[in-house]
Each structure stands twice: as C-alpha cells, then as structure tokens.
Amino acid sequence: MRIARIAHPEGMAFAIVEGGEPDGTGATLREIAGHPFGQPEFTGKSWPIEDVRLLAPILPSKVIAVGRNYADHVEEVFNKSAEHLPPTIFLKPPTAVIGPEAPIRIPEWATRVEFEGEMAIVIGRPCKDVNRNNWKDVVLGFTVVNDVSSRDLQFQDGQWSRAKGLDSFCPLGPWIETAVDSIDIDNQPILAHLTHEGKTETKQDSNSNQMIKSIPEIVEWVSSAFTLLPGDVICTGSPAGTAEMVPGDRIEVEIPGLGKLANPVQAYGK
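Being a predicted model, the structure only gives us computed values, none of them experimental.

Quick look at the overall build of the protein now. Looking only at helices and strands, one finds 4 helices and 19 strands in the protein. Taking 2.2 N^0.38 as the reference for a compact globule, 270 residues should give roughly 18 Å; the C-alpha atoms of the protein span a radius of gyration of 18 Å, in line with that estimate. Overall size of the protein, expressed as C-alpha extent along the three principal axes, is 55 × 45 × 30 Å. A total of 270 residues make up the protein; the buried ones form 54% of that total. Sequence separation of 24 or more characterises 70% of the internal contacts of the protein that already satisfy a separation of 6 or more.

This is the structure we're talking about:
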C-alpha cells in the first residue's frame, strides 16, 4: 500500500495511491480519515493524481540520519576510509522537510550544496530499544529522501546541524510504501539524476547492498539512543556519486519500488 499526503481542492489529507504506473501516472488518490497509522478508513472522496499536489508524505517530529554508512561515500567526501570514520548519527529538524516538486532553496552563504539520495524508514508506532530481529514491528514503511548538504558549512562548523538542517534541505516522498516485504532492503538500487543547463546525468547509481550498517541494525542503533514516535523518519545513508547543485538545476532521486522524488533548485528568496 502506498500512502501519500496531498493537497486537494478541499484541503489536505492522507490518501491511498491506487492503480496507475510505478511513478504514479494515472493513479487514483482515495482519501483516508485522520492519520495513516493503523487500518485506513476511507472517507469516500477520491481524486485523479493529476488533480492533487503531493506533499511530504509525513511530518515527522524528528528526522534521524545515519551518516558515513557507505564506504565509497566516506572516501569521496572525507578522503578517509570508513575504517577510520565509522557511521554516525545526526538530526535534521522537521522544518527542513519539503515534498515533491517543492524548491530546494539555497542561501547565498551556503556554498557547495550537494544532493544525497537515500532510502528512508518511516516509523509506525512509539518504540525504544528495538531488537534488530523485530525491526519490522515498528516500521510503517519506506520512502525516498534527499539529504541535502552544504559541504562548506559541514566542514566549517565541525558538526552537521546547520549544513544539513537548513529549511528545505530534506525533500521527502513521493509516498510511503507500507509493503515492507516487497522491498529487498539488502539489494535495493539507489539512483540520483541531476539536470544542469538542460542536460540530465545520472550521478548516483548504487545499491543498498553497499551499506555498512543494515536496516535492522540501524533501527536497533537509532532506537537505543532516541524514543521514536509515529511518523519519525530515519535516513539510512548516502552512497557515492553526490555532486553540487546550483540554482536552476533539478534533482531527481529514484529508488525502484519506492518511486521518484524530484525537486527544483532555487536561490533563497527568489
């Protein structure tokens, strides 16, 4: 089941995405009452996907991100091996979250801003100290995330809150795939396509089989530190291939089975 959050002619709501192509073309959005946790109750309202706007599929109380979870990405960003820089945890504020097609806005003082296409976990119920063998019990589903990062601020500050937590620096979507067993978490392609001056190039072309910490290990590790609430998002790390984005560009993160998350890039205030 694919759960979206939409703006429609009568307001905003959660909805189930039914039918259509894998990218959502031709799908119908059936509105559900209330929140997306538990068995959905339909209101009887529905819209063609072309008549609604997809929003970020969830508004998390916090976004917990795993950094340095792909050895090749550690080397390209830090010029060191993952043996010397193991995975780490950082937070992105909920104000960084935007949905599909919403602009990533770059302040003039944030230079060398890069995309990081990643698979994200959406938590389905309150939990703490989850055993890795029971990770599915607490997960609502998966979605796509772009962990936008300002490299200059990242290295200037020495910690990553500002570099990765600016407004609009956490695009999320297009929906949440709740059929957890349909996603091969140990062999999931992750791609990112950057359009610059009218030319589109695939920059990231990797796979979750390159993760240092696996999905079950991540849920256990993160929940040992934080109480997780329904709707919280865990970003599982970026593979290599990240590159700079500038105003006028367009970035699309693609994870087969989860969808495509596309956003234009603008200068802040434009």
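Under the present numbering, the feature "domain: Rv2993c-like N-terminal" (unreviewed entry) in UniProt falls on residues 1-57. Helix makes up 0% of residues 1-57 and strand 53%, and the two end C-alpha atoms of the span are 13 Å apart.

Oppositely charged side chains are able to pair whenever their charged atoms sit close together. Following the criterion strictly, the structure yields 17 salt bridges and no others. Of the charged contacts in the structure, one is a salt bridge between K136 and D181, with a shortest N-O distance of 2.6 Å. Taken as a pair, K136 in the loop between β11 (117-123) and β12 (139-146) and D181 in the loop between β14 (170-177) and β15 (189-196) lie far apart in primary sequence, 45 residues in all. Looking at K136, the relative accessible area reads 43%, which means it is partly exposed. Put simply, E201 and K203 hold a salt bridge, and the shortest N to O gap is 3.9 Å. By relative accessible area, which is 38% here, E201 ends up partly exposed. Connected via shared salt-bridge partners are K92, R112, E114, E116, D147, R151, K164 and E244.

As a further point, take the packing of aromatic side chains. Inspection of the entire model under this criterion finds 2 aromatic pairs. An angle of 65° between the planes, with centres 5.2 Å apart, marks the rings of F90 and W160 as edge-to-face. Here W160 lies in the loop between α2 (151-157) and α3 (161-165) and F90 lies in strand β7 (residues 88-92), a separation of 70 residues in the sequence. Classification of W160 as buried rests on a relative accessible area of 13%. Ring centres of W135 and F142 lie 6.1 Å apart, and the angle between their planes is 55°; on these two criteria the pair is classed as tilted. With respect to class, W135 is no different from F142; both count as buried. Just above the ring of F42 sits the side chain of R30; from NZ or CZ to the centre is 3.7 Å. Sitting above the plane of the W221 ring, K213 keeps its charged end 4.7 Å from the centroid.

Once that is clear, we can look at the domain arrangement of the protein. Partitioning the protein into structural domains gives domain 1 (2-55) and domain 2 (63-268). For domain 1 and domain 2, the distance between their C-alpha centres works out to 24 Å. Domain 1 puts 12 residues into the contact, and the matching count from domain 2 is 12 residues. Both faces considered, domain 1 and domain 2 share a buried interface measuring about 940 Å² in area, 71% of it formed by carbon and sulfur atoms. A per-residue breakdown of the area domain 1 buries against domain 2 is headed by R2, I3 and F37, which together make up 54% of the total. Inspection of the domain 1/domain 2 interface yields 0 salt bridges. Inspection of the domain 1/domain 2 interface yields 1 residue pair in polar contact (both at pLDDT 80 or more). Elements with a contribution of two residues or more to the side of domain 1 that touches domain 2: β1 (2-8) and β5 (53-55). It is β1 that provides the largest number of residues to the side of domain 1 that touches domain 2, a total of 3 residues. Considering only residue class, the side of domain 1 that touches domain 2 consists of 9 nonpolar, 1 polar and 2 charged.

Criteria and thresholds
Residues numbered from 1 in each chain as written. Predicted model: local features only at pLDDT ≥ 70, side-chain atom pairs only at ≥ 80, totals over all residues. Heavy atoms only, no water. Helix = DSSP H or I, 4+ residues; strand = E, 2+ residues; numbered from the N terminus. Rg over C-alpha atoms; globule rule 2.2 N^0.38 Å. Buried < 20%, exposed > 50% of the residue type's maximum accessible area, 1.4 Å probe, protein only. Contact = heavy atoms within 4.5 Å. UniProt positions renumbered as here; feature names shortened; annotations may be inferred. Salt bridge = Lys/Arg side-chain N within 4 Å of Asp/Glu carboxyl O. Phe/Tyr/Trp six-rings, centres within 6.5 Å; stacked < 30°, edge-to-face > 60°. Lys NZ or Arg CZ within 6 Å of the ring centre and 35° of its normal. Domains from an automatic or database assignment. Buried area = accessible area lost by both parts, 1.4 Å probe. Polar contact = N/O pair within 3.5 Å; in protein donor to acceptor, adjacent residues only side chain to side chain. Nonpolar A, V, L, I, M, F, W, Y, C, P; charged D, E, K, R; others polar.

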